[in-house]
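Inside the fold
The chain contents come next:
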Amino acid sequence: MIYLYDAKTGHLLAIMDGDWITAMRTGAVATLATRLFQKEGTNTYSMIGLGNIARATALCLIADNKNRNIKIRLMRYKDQAERFVDRFKDAGNVSFEIIDTKEEFLSEADVVISCVTVATDLLFPDDALFRKGITVIPVHVRGFQNCDLFFDKVFGDDTGQIRNWKYFSKFRQYDELHHVLLGRNPGRENQDERILCYNYGLALHDIVYASRIYDMISEKGCDTFNYCRQDMKIWI
């Protein structure tokens, strides 16, 4: 739960659903990283790990590409891929393809978004499967440690959270994501660079989300948050 306070008075403004806010914030940040680091001409996205966070990411990704058609390739796991397709059947600008093997999954991947929550081993141990120009976004930062060693660039949202990782000192190039947003780092510089983006998650983003939602509701003059399910139309 998120307790939102007025910073000037200390008064409690609202108690809000932190699970929903965190999921949507995580999806938004993953989509932002995709927009920043994908190579030119990308319109196909490969997703593995198809739970709530993946659906939140897909919502943001589809919205971010509302003026063009995209394809999302899904790695099959139980019935998750089929349920995923059914969830987005009314989205007019996206088509889906369900993939059965890891080799096929990476064979056409320009952007890989992984929302796998548990990975005790490497998800794709064969380095050769990662084609030039690929962008990999491990939302839960699991399963891609081999990429740490040979990808051209690695970005993260907060150095303090990842500086003690096993291969941090072996990253070829590393910088924080906000330096790209501020124009201090060019990000992708050519179509061949392999880029890895770790967004471990910043709680401050959740508070910004909560504050914006509260302001939107306050502007409508509503006394309750219950109407949000219909009015905002962004539920997972």
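Figured I'd write up the structure that's included with this text. Keep in mind it's a predicted model, so treat the numbers as computed, not measured.

Conventions adopted
- All chains use their own residue numbering, which begins from 1 and follows the written sequence.
- Residues qualify for local features only when their pLDDT is at least 70, as the model is predicted, and side-chain atom pairs are given and counted only at 80 or more; totals for whole chains, interfaces and linings, by contrast, use all residues.
- Only hydrogens and water are set aside when side-chain values are computed; all heavy atoms of the structure are taken into account.
- By salt bridge we mean one thing: a side-chain nitrogen of Lys or Arg within 4 Å of a carboxyl oxygen of Asp or Glu.
- Helix and strand labels come from DSSP, where a helix needs a run of H or I of at least four residues and a strand needs a run of E of at least two; each type is numbered from the N terminus.
- Partly exposed describes any residue whose relative accessible area lies between the buried limit of under 20% and the exposed limit of over 50%, with all areas from a 1.4 Å probe on protein chains only and scaled to the type maximum.
- Two cysteine sulfur atoms make up a disulfide if the distance between them is within 2.5 Å.

1. Describing the pattern of salt bridges
The full count for this structure, using the stated rule, is 13 salt bridges. D152 is the partner of R172 in a salt bridge, and the nearest nitrogen-oxygen pair spans 3.7 Å. Of this pair, R172 sits in the loop between α6 (159-162) and β9 (174-176) while D152 is found in the loop between α5 (147-150) and β8 (153-156), placing the two residues 20 residues apart along the sequence. Linking E193 and K153 is a salt bridge whose minimum nitrogen-to-oxygen distance equals 3.1 Å. Taken as a pair, E193 in the loop between α7 (177-181) and β10 (195-198) and K153 in strand β8 lie far apart in primary sequence, 40 residues in all. Each member of the pair E193 and K153 is classed as buried. The structure contains a network of salt bridges with shared partners spanning K39, D110 and R131.

2. What to know about the state of the cysteines
Considering all chains together, one arrives at 0 disulfides under this definition. No disulfide involves C115; its nearest neighbouring cysteine sulfur is the one of C60, lying 11 Å away. Left without a disulfide partner, C147 is nearest to the cysteine sulfur of C197, which lies 13 Å away.

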